[in-house]
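Listed here are the chains, written in short residue letters.
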Amino acid sequence: MRNVYLDHAATTAVHPKVLESMLPYLQDKLGNPSSIYSSGREAKAAVETARAQVAALINAQPDEIIFTSGGTEADNLALTGVATALSQQGRHIITSRIEHHAVLHTAEELERKGFQVTYLPVDPDGLINPDLLEQALTPETIMVSIIFANNEIGTIEPIDRLAKIAKKHGVIFHTDAVQAVGNIPIDVEELNIDLLSLSGHKIYGPKGIGALYVRRGMNIKPLMQGGSQERKLRPGTENVPGIVGLGKAAELARIELPARSAHLTELRDYLIDGVLSSIAHVRLNGHRTLRLPGNANFSFEFIEGESLLLSLDMAGIAASSGSACTSGSLDPSHVLMAIGLSHEVAHGSLRLTLGRENNKEDVDYVLSVLPDIVGRLRAMSPLTPAKEA
Amino acid sequence: MYTEKVMDHFMHPRNVGEIDNPDGVGQVGNPVCGDIMKMSLRIKDDRIEDIKFKTFGCGAAIATSSMVTELVKGKTVAEALALNNRMVAEALGGLPCKKMHCSNLAADALHAAIADYKEKQVQASR
């Protein structure tokens, strides 16, 4: 049986060159970057090289990169760090209804601490209307946090326009770019982004490492207290192998981005066209063109996502769904509800996210098994109209 | 996360479909939770001669539906009524904890079908 991994939005395999770059720092090069002797200095230099590599990927300066344990910590640090630092200036934050839980739940926690949060709605394609941001801003607003590209439906938000509005009003702009970094070009200078979260394991780097870009001069408080690492914004001995791996992954992403993006876009469109033309009662979730190169998200009417995932798994295909069963709660994905899907249709969602190792044969294989799997589940469903069964 | 028995019933569900002119039909669940189970019965001489199901839902929802049909086919109505959701889960070798509430409704669907059958009996005798 063929094995096809189509869940690159969940995590990616470490690139062989990334692994190679990390190995010395797990064994021989054991120094603590804060130590003064040679292996410590060597580790420090490796961390600084990685910092420059990550900065280059988003056109930031090396000293604007703070290494964290991943995207979630970066999001927490951005929101809570800024809110804590600026709570005397105002207590209003604007975000959206389709944020990753790392932002959404942090915003909800800030609400419990007395901040007011506005959650901007999205249109049926998942796009945020910049006019609504303009209208939501108040003199109390201290921060705007909008996801760069959605992790479920892949829609790429108009970050340039949104960040420009925030800048015009003197409000800090953060973006969770965990899914976008490495897949689409990002220039924090050109886009007027003040804070940006990214993660290693989404770009063929290791798990457990990420970074927050913090524009120079930004007033932000750390989440934890400890040593003076990462400009005191993230105390604790650096995860040197992870940082080195993230740096290498960022370097490779920068060099390979045009080729990766073109390859993924071609496969994605082939997959989307193939599914829409071979299966009835299916809808594409997310914007048709303003979407991440590797993201396809469908809803199959009359069936439920977990049973679809189990069936695909039995056929060797790894995928993801926004159904309640897979979200770990009783409700389907908040993103699918925000774009206006009914519960039934949201439960029947399937996310297929392509990566650099995928090829046309992988997509052909999916297209060869998916119609039968959907058909089998529909034949079992009481929701399927009689003439379709 | 699922036992082999659950996966067997999920991949090879028994008694899928709908009975023509059934003696009783029951449906439970709702699309908000993502589980809907429909059972139809043919009852002869107080025994479940045939039972079929249709289910919209996760692997556990489909497997429990299939297991219920297997457990009660040929049984008396009273025996079928004695079956509960916990027993269905046990017959499958257990279900993941979070599935015990949301997806383990197949016995309820069976009971609803039997209630419909009894209702029809009462109406027919009037």
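No experiment lies behind these values; they were computed from the predicted model shown.

About the thresholds
- Residues numbered from 1 in each chain as written.
- Chains lettered and ligands numbered in written order.
- Predicted model: local features only at pLDDT ≥ 70, side-chain atom pairs only at ≥ 80, totals over all residues.
- Heavy atoms only, no water.
- Helix = DSSP H or I, 4+ residues; strand = E, 2+ residues; numbered from the N terminus.
- Buried < 20%, exposed > 50% of the residue type's maximum accessible area, 1.4 Å probe, protein only.
- Contact = heavy atoms within 4.5 Å.
- Areas by Shrake-Rupley, 256 points an atom, 1.4 Å probe, with all protein chains shown as cover.
- Lys, Arg positive; Asp, Glu negative; His and termini not counted.
- Charge placed at Lys NZ, Arg CZ, Asp CG, Glu CD.
- Salt bridge = Lys/Arg side-chain N within 4 Å of Asp/Glu carboxyl O.
- Polar contact = N/O pair within 3.5 Å; in protein donor to acceptor, adjacent residues only side chain to side chain.
- Axes fitted to C-alpha atoms, helices over the stretch in contact; angles between N-to-C directions.
- Parallel < 35°, antiparallel > 145°, perpendicular 65-115°, else oblique.
- Left-handed = near helix turned anticlockwise from the far one by under 90°.
- Nonpolar A, V, L, I, M, F, W, Y, C, P; charged D, E, K, R; others polar.
- Expected span 1.5 Å × (residues − 1).
- Arc of directions from axis to C-beta.
- Pairing = 2+ DSSP bridges.
- Patch = residues over 30% accessible without salt bridge, like charges linked within 9 Å, V, L, I, M, F, W, Y side chains within 5 Å.

Asks: Kindly report on the overall build of chain B, identifying the contributing residues and their values.
Replies: When helices and strands are counted, chain B shows six helices and three strands. Listing every helix and strand of chain B by position from the N terminus yields α-β-β-β-α-α-α-α-α. Summarising its shape, the C-alpha atoms of chain B cover approximately 50 × 30 × 25 Å along the three principal directions. The buried share of chain B, taken over its 126 residues, is 48%. For chain B, the proportion of contacts with a sequence separation of at least 24, taken over those separated by at least 6, is 61%. Counting only carbon and sulfur atoms, one obtains 51% of the accessible surface of chain B, whose full area is about 5700 Å². Considering chain B, the positive charge centre built from 16 side chains and the negative charge centre built from 16 side chains are found 1 Å apart.

Asks: Account for the interface of chain B and chain A, with residues named and values stated.
Replies: The interface is formed by 24 residues belonging to chain B together with 24 residues belonging to chain A. At the junction of chain B with chain A, the criterion picks out one salt bridge. A salt bridge links B:Lys99 to A:Glu306; the shortest N-O distance between them is 2.6 Å. Linking chain B with chain A are eleven residue pairs in polar contact (both at pLDDT 80 or more). Sorting the residues of the side of chain B that touches chain A by element identifies helix 1 (4-11), strand 2 (35-44), strand 3 (47-56), helix 2 (59-72) and helix 5 (99-102) of chain B as the ones contributing at least two each.

Asks: Which residues make up the side chain of A:His8, and what are the values?
Replies: Residue and element names in this part refer to chain A. Mapped onto the elements, His-8 comes out in the loop between strand 1 (4-5) and helix 1 (16-26). Among the residues examined, His-8 registers a relative accessible area of 5% and is labelled buried. Within polar-contact distance, the side chain of His-8 engages the side chain of Glu-357 at 2.7 Å. Once you skip the residues sitting within four places of it in the chain, His-8 turns out to touch Tyr-204, Thr-353, Leu-354, Gly-355, Glu-357 and Asn-358.

Asks: Break down the packing of helix 3 (residues 71-86) of chain A against helix 4 (residues 101-112) of chain A for me, citing the residues and quoting the values.
Replies: Residues and elements named next belong to chain A. At a closest axis distance of 9 Å, the pairing of helix 3 and helix 4 adopts a crossing angle of 30°. Relative to helix 4, the element helix 3 is oriented roughly parallel. Pair helix 3 / helix 4 crosses with right-handed handedness. The residues of helix 4 that touch helix 3, namely those facing Thr-72, Asp-75, Asn-76, Leu-79, Thr-80 and Ala-83, are Ala-102, Val-103, Thr-106, Ala-107 and Leu-110. When the residues that make up the contact of helix 3 with helix 4 are grouped by side-chain class, the tally is six nonpolar, four polar and one charged.

Asks: Describe helix 6 (residues 106-125) of chain B, with residues and values.
Replies: Residues and elements named next belong to chain B. The terminal C-alpha atoms of helix 6 lie 29 Å apart, and with 20 residues this matches the ideal 28 Å at 1.5 Å per residue to within 8%. All buried positions along helix 6 are accounted for by Ala-106, Ala-107, Ala-109, Leu-110, Ala-113, Ile-114 and Tyr-117. Angularly, the buried residues of helix 6 cover 165° about the axis, an arc narrow enough to put them on a single face.

Asks: Before we move on, can you summarise the sheet that holds strand 2 of chain B with the specific residues and values?
Replies: Residue and element names in this part refer to chain B. Ordered by their spatial adjacency, three strands build an open sheet running 1-2-3, and the pairing between neighbours is antiparallel. What marks the edges here is a single partner per strand, and that holds for strand 1 (24-30) and strand 3. Taking the axes of each pair of neighbouring strands and ignoring which way they run, one obtains an average angle of 15° across the sheet. Bridge count for strand 1 against strand 2 is seven bridges, and the pairing is antiparallel. Within strand 2, the residue paired with Gly-24 across the bridge is Leu-41. Packed on one face of the sheet, helix 6 meets strand 1, strand 2 and strand 3 and runs near 140° to strand 1.

Asks: I'd like to hear about the pattern of salt bridges, residue by residue, with values.
Replies: Residue and element names in this part refer to chain B. Counted by the stated rule, this structure contains 26 salt bridges over all chains. A salt bridge links Glu-18 to Lys-38, with the nearest nitrogen and oxygen atoms 3.0 Å apart. In this pair, Glu-18 sits in the loop between helix 1 and strand 1 while Lys-38 sits in strand 2, placing the two residues 20 residues apart along the sequence. Overall, Glu-18 belongs to the partly exposed group, its relative accessible area being 41%. When the shortest N-O distance is used, the salt bridge between Lys-54 and Glu-18 registers 3.7 Å. With Lys-54 in strand 3 and Glu-18 in the loop between helix 1 and strand 1, the pair connects residues that are 36 residues apart, well separated along the chain. We classify Lys-54 as buried; its relative accessible area is 10%.

Asks: Tell me about a nonpolar patch on the surface, and please be specific about residues and values.
Replies: Taken together, the side chains of A:Val14, A:Leu19, A:Leu23 and A:Leu26 make up a nonpolar region of the molecular surface, amounting to roughly 330 Å² of accessible area. Here A:Leu23 shows up in helix 1.

Asks: Residue-level account of the sheet that holds strand 8 (residues 210-214) of chain A, with values.
Replies: All names here are of chain A. In space, the seven strands of this open sheet follow the order 2-8-7-6-5-3-4, with mixed pairing throughout. In this open sheet, the two strands that pair with only one neighbour each are strand 2 (65-68) and strand 4 (116-120). With direction set aside, neighbouring strand axes in the sheet form an average angle of 20°. Pairing between strand 3 (residues 92-96) and strand 5 (residues 141-145): three bridges, direction parallel. Opposite Ile-93, over in strand 5, you have Met-143 as the bridge partner. Across the face of the sheet, helix 4 comes into contact with strand 3, strand 4, strand 5 and strand 6 (172-176) while running at roughly 150° to strand 4.

Asks: Now, about the pairing of strand 2 of chain A: what can you tell me, with residues and values included?
Replies: Residues and elements named next belong to chain A. Covered by surrounding structure in strand 2 are Ile-65 and Phe-67 together with Ile-66 and Thr-68, the residues of both alternating faces. Examined bridge by bridge, strand 2 and strand 8 share four bridges and lie antiparallel to one another. Each bridged residue has a counterpart across the sheet, and for Thr-68 the counterpart in strand 8 is Gly-210.

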